[in-house]
Amino acid sequence: MDKITKSLLTTFSAQYELNGLSEATQFEHFINNLITTKLFRGSFGLEDIHCGAGNDCGIDGILLTVNGRIVTEDELQDIVDAAGQIDADITFIQSKSSSSFDGAAMRTFTHGVKDFLSDQPKLRQNSKVAHVKALWEQLISMSSFMINRRPLCRLYYACTGKWADDENLRAVIDEGTTQIDSLSLFEETKFEPLGASEIQNLYQQSKNKLSTTITFQNRITLPDIEGVSEAYIGIIPLSEFLKLIQDENQSIHNIFDENVRDFQGNNHVNRQIKNTLKSGKFDQFCVLNNGVTVVATSLTPAGNRFTIRDYQVVNGCQSSHVLHECQQIEGIDSVNVPVRIVITENDDIKTSITLATNSQTEVKAEQLEALNAFQKKLELYFQAESDEIPLYYERRSQQYNSVPTILRSQIISIPTQIKAFASMFLNSPHLVSGYYGAIIREFTGKIFANDHVYSPYYVSALAYYRVEQFLRTGELKQASKNIRYHILLLARLLSMGEDLAPMNSKQMDRKCEEFKQELSSRAIALELFRKAEAIFEKSSLDKTKRQYKAESDTLLVFEAYRKYSKSEIKISVPLEFDFNFDQ
């Protein structure tokens, strides 16, 4: 391995706390991370992608994305219900730390991918590969929702050598992609070899914010605004607008995190937008539509060409998705989209713009919670609690991506926060394995409420950090990864009891402070989670299930806790204790 790639791998492994793994496994995670970051602009976990182990079919990473989101659990139906259509991509990754490209290994890789995609795979699959295979089959069964296109298939083979477009290796690639194309599943199949130079370029790109260049000719410059470096309003052709919201493969970007609403699917407003387009009233679109607001941190103009960096669509999520969905309609290229572009680094102004532009439509006040003052204050609360175990609340996707001193395990994204809090304080670990947008809808007004104290959010994040830490070190069983949210609930029950004080009370603050002290001690936290793990194992739940998505599963967790509580409440030895659930 060359010195530059070795140095980058060392830095990456330290940030992600992988130093206990072999160099080959570190390299697999490294390449998986670089490619996923290139294709997906949101937050994700390394284990969401990694499948390299025995019986991995020659595949070290699999990335399944649907409508701009990584799918790792049984959440496809939720996504379809929300959007009404599917844009899917599947990416396969093979990584070799060797210093040369190996034709035999590349052939094994493409063979493994083809076997994975076949109706009756012949190669043995480990649990992770088999799980993604099941998700893939479920996705294919939903082909009727693939309105825009069939899925895209990408293959990446990485090593630390130099790619010289060798004729023999190119023949291996062509043979493999032809075999995969023959399955007639994909719109397109791409195989990209990555050598040391390409890996180093990907690493640099992973530290950059999302950027795109559009032609914005029909615009006016808005007057000077305090806190705003530049602002424009105008119209742009659909072809230019799609550059903002899609990648080069026509997959929609994950740039709506700061929009207070997810895409609402086939609701009344979106049906009206669609009907305008399907009826061919393209010239009316720009006067019937309220437009799209884009907020970015920087802009570089070159005549009419604007390069926009680190941007989000903060209003216009619905219009963006409908235009994306309808882009194949004949004649739609003549559509002009009203656009407002605001350049500012001031978070307060970004929030104000989001709230103001969304309040012009039918948005309930509680739907604005994702960007209200609570979020910013919660981020500050995390900073204030950072003395012993620093945790960083990530209000915006990848906001800490370019800070090399922050360990990635210490970053708590909004989806992670929602899942941890809902599991521990809303007694709903059965809901969090799916699409987290469904959790927000289920508990509107019960998450990020303005009068809530911040401590339960912080301790649920700290508990999540501890569980992930103990899973990573092997101090909790690897099988417990699938039940980690139920373990979080059990830990809260063990520490704080079954009856919770109101979320806006000083009593809640006080109890959370006591819980935080337990979690701050590594030894005490480990004992607590091992005890929670053991209680789960003693429960009457079906241990062969991969997921526990039913409310009845959570009720059985409560039953197990109550039986333990009655029998052995004073036991403190983490793994040696036993208790009789038949009492």
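In this text, all values refer to a predicted model and were calculated from it rather than measured experimentally.

## Points about the side chain of Gln 94
By secondary structure assignment, the location of Gln 94 is in strand β3 (residues 88-95). Apart from residues no more than four positions distant in its own chain, Gln 94 is found in contact with Gly 58, Ile 59, Asp 60, Phe 109, Tyr 156, Tyr 157 and Ala 158.

## Structural notes on the packing of helix α17 (residues 455-473) against helix α18 (residues 484-496)
Contact pair α17 / α18: the axes reach a minimum separation of 10 Å and the direction vectors enclose 125°. Considering the angle they form, α17 stands oblique to α18. Considering only the axes of α17 and α18, their crossing is right-handed. Residues Ala 463, Tyr 464, Val 467, Glu 468 and Leu 471 of α17 touch α18, and the partners they reach there are Arg 484, Tyr 485, Ile 487 and Leu 488. Residue composition of the contact of α17 with α18, by class: seven nonpolar, no polar and two charged.

## Things to note about the packing of aromatic side chains
How two aromatic rings sit relative to each other is set out by the distance from centre to centre and by the angle between their planes. With the rule as written, the count across this model stands at 26 aromatic pairs. Ring geometry for Phe 101 and Tyr 157: centres 6.1 Å apart, planes at 35°, overall tilted. One end of the pair, Phe 101, is in the loop between β3 and α5 (103-117); the other, Tyr 157, is in strand β4 (residues 152-158), with 56 residues separating them in the sequence. Classification of Phe 101 by relative accessible area gives buried; the value is 13%. For Tyr 157, a relative accessible area of 0% gives the class buried. An aromatic cluster of at least three residues, connected via ring pairs, comprises Phe 374, Tyr 381, Phe 382, Tyr 393, Phe 421, Phe 425, Phe 448, Tyr 454, Tyr 457 and Tyr 458. Over the ring of Phe 116 we find Lys 133; its NZ or CZ atom is 5.5 Å from the centre of that ring.

## With respect to the sheet that holds strand β10 (residues 305-315)
The strands that make up a sheet pair up through hydrogen bonds in the backbone, lying either parallel or antiparallel. Here six strands make up an open sheet; going across it, the order is β6-β10-β9-β11-β8-β7 and the pairing mixed. The two strands at the open ends of the sheet, each matched to only one other strand, are β6 (211-215) and β7 (218-221). Between one strand axis and the next, the sheet turns by 35° as a mean value, whatever way the strands run. With four bridges joining them, β7 and strand β8 (residues 230-237) adopt antiparallel strand pairing. Counted as the bridge partner of Thr 221 is Tyr 232 from β8.

Cut-offs applied
- Residues numbered from 1 in each chain as written.
- Predicted model: local features only at pLDDT ≥ 70, side-chain atom pairs only at ≥ 80, totals over all residues.
- Heavy atoms only, no water.
- Helix = DSSP H or I, 4+ residues; strand = E, 2+ residues; numbered from the N terminus.
- Contact = heavy atoms within 4.5 Å.
- Axes fitted to C-alpha atoms, helices over the stretch in contact; angles between N-to-C directions.
- Parallel < 35°, antiparallel > 145°, perpendicular 65-115°, else oblique.
- Left-handed = near helix turned anticlockwise from the far one by under 90°.
- Nonpolar A, V, L, I, M, F, W, Y, C, P; charged D, E, K, R; others polar.
- Phe/Tyr/Trp six-rings, centres within 6.5 Å; stacked < 30°, edge-to-face > 60°.
- Buried < 20%, exposed > 50% of the residue type's maximum accessible area, 1.4 Å probe, protein only.
- Lys NZ or Arg CZ within 6 Å of the ring centre and 35° of its normal.
- Pairing = 2+ DSSP bridges.

That's the geometry; what it means functionally is another story.
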